[in-house]
Amino acid sequence: MRVLHLVTHRSPFFDRRIERLRERGHACDVVPVPGRDSDDRAERKAARRSVHHYLRFYGRVLSAARDDYDLVHAHYGLTAPFALAQPRRPVVLTLWGSDLMGEFGWVSERCARLVDETVVMSDEMATSLDGDATVVPHGVDLDLFRPMDRARARREVGWDPDAAHVLFPYTPDRAVKNYPLAERVVDGVRSRLDREVRLHAVYEVEQAAVPTYMNAADALLLTSRREGSPNTVKEALACNLPVVATDVGDVRDRLDGVTPSAVCADESALTTALRRVLDREERSNGRSAVRSLGVDQMAVRLEDVYRRALGE
């Protein structure tokens, strides 16, 4: 089938999903919201979209929709009104998490009532919506994210081979990710461990390099205030990297049966769990927990959603 995809910004997990759909024989055209077109990451980050950008986006959507598409797939809630503005084709809406639980969640909720099919990242998101939704989380590239020798990974990223390394997988300035909490947790662990503990905020690195950082680390620390289905947790599991996390999104489900790892309710529990993980100095059994969440399997599940939207 031929699908027009609307998205606020391109991301690695979005691009992997599009790639897999194309490999499965679907024609996929992508229209992003303008305003972050620069190849320079710092410029993209600094870019602020205005009403003018969304008016341009509206024109691009209407122009593209004149072509012979089977359906329109809106990714992220703010693209949904523009998908619904074309009246001719079924609309599928995928909500990523912050678009439902953040400032503009009301837009996502209203549009979810009007589209033909809604896709969400977790059961938690599905229950928060007034209507039916299908859970199809972003898949993991299991060929890219895989275990490798930790000593070699540390040499490649330049980390001390004798210290304990904790990976924080976001930019520290995103308030929802709560980097100050991560700092406090690691500070608390330092006084209880007999070796140096270093916290690394790893962000804006090439996607191909991320698995090396994950294999170099002793634990991934996720302190977010809210999430949908954080891909970084699934990627860490695919690398057998232990995860210590707040109880957000589908993290509890993802870490069910994974050891050593922990889902924690507060700062004290996070500190205790991280110390225990670092004490063990072991990799997790996480890869077995995400084998069913590969990008290929998620593409198949998305095809089922498309067929329902088309009434097949």
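As the structure is a prediction and not an experimental result, all values here were calculated from the model.

(A) Here's a closer look at the sheet that holds strand 3 (residues 71-75). Taken together, the 6 strands give an open sheet; going across it, the order is 2-1-3-4-5-6, and neighbouring strands pair in parallel fashion. Two strands bound the open sheet, and with one partner strand each, they are strand 2 (27-32) and strand 6 (134-135). When strand 1 (residues 2-7) meets strand 3, the two strands line up parallel, connected through 5 bridges. Its bridge partner being in strand 3, L6 is matched across the sheet by A74. Lying over the sheet, helix 14 (residues 295-309) contacts strand 1, strand 3, strand 4 (91-94), strand 5 (117-120) and strand 6, oriented at roughly 160° with respect to strand 5.

(B) Expanded view of the side chain of E117. On the secondary structure map, E117 appears in strand 5. Leaving out residues up to four positions away in the same chain, E117 has contacts with V91, V92, L93, T134, V305, R308 and A309.

(C) Region of interest: the sheet that holds strand 9 (residues 219-222). Taken in spatial order, the 5 strands make up an open sheet running 8-7-9-10-11, and their pairing is parallel. Bordering the open sheet on either side are strand 8 (197-201) and strand 11 (262-264), each of which pairs with just one other strand. The mean inter-strand angle of the sheet, taken between neighbouring strand axes irrespective of direction, is 20°.

Cut-off values and rules
- Residues numbered from 1 in each chain as written.
- Predicted model: local features only at pLDDT ≥ 70, side-chain atom pairs only at ≥ 80, totals over all residues.
- Heavy atoms only, no water.
- Pairing = 2+ DSSP bridges.
- Helix = DSSP H or I, 4+ residues; strand = E, 2+ residues; numbered from the N terminus.
- Contact = heavy atoms within 4.5 Å.
- Axes fitted to C-alpha atoms, helices over the stretch in contact; angles between N-to-C directions.

Purely geometric stuff here, so don't read any function into it on its own.
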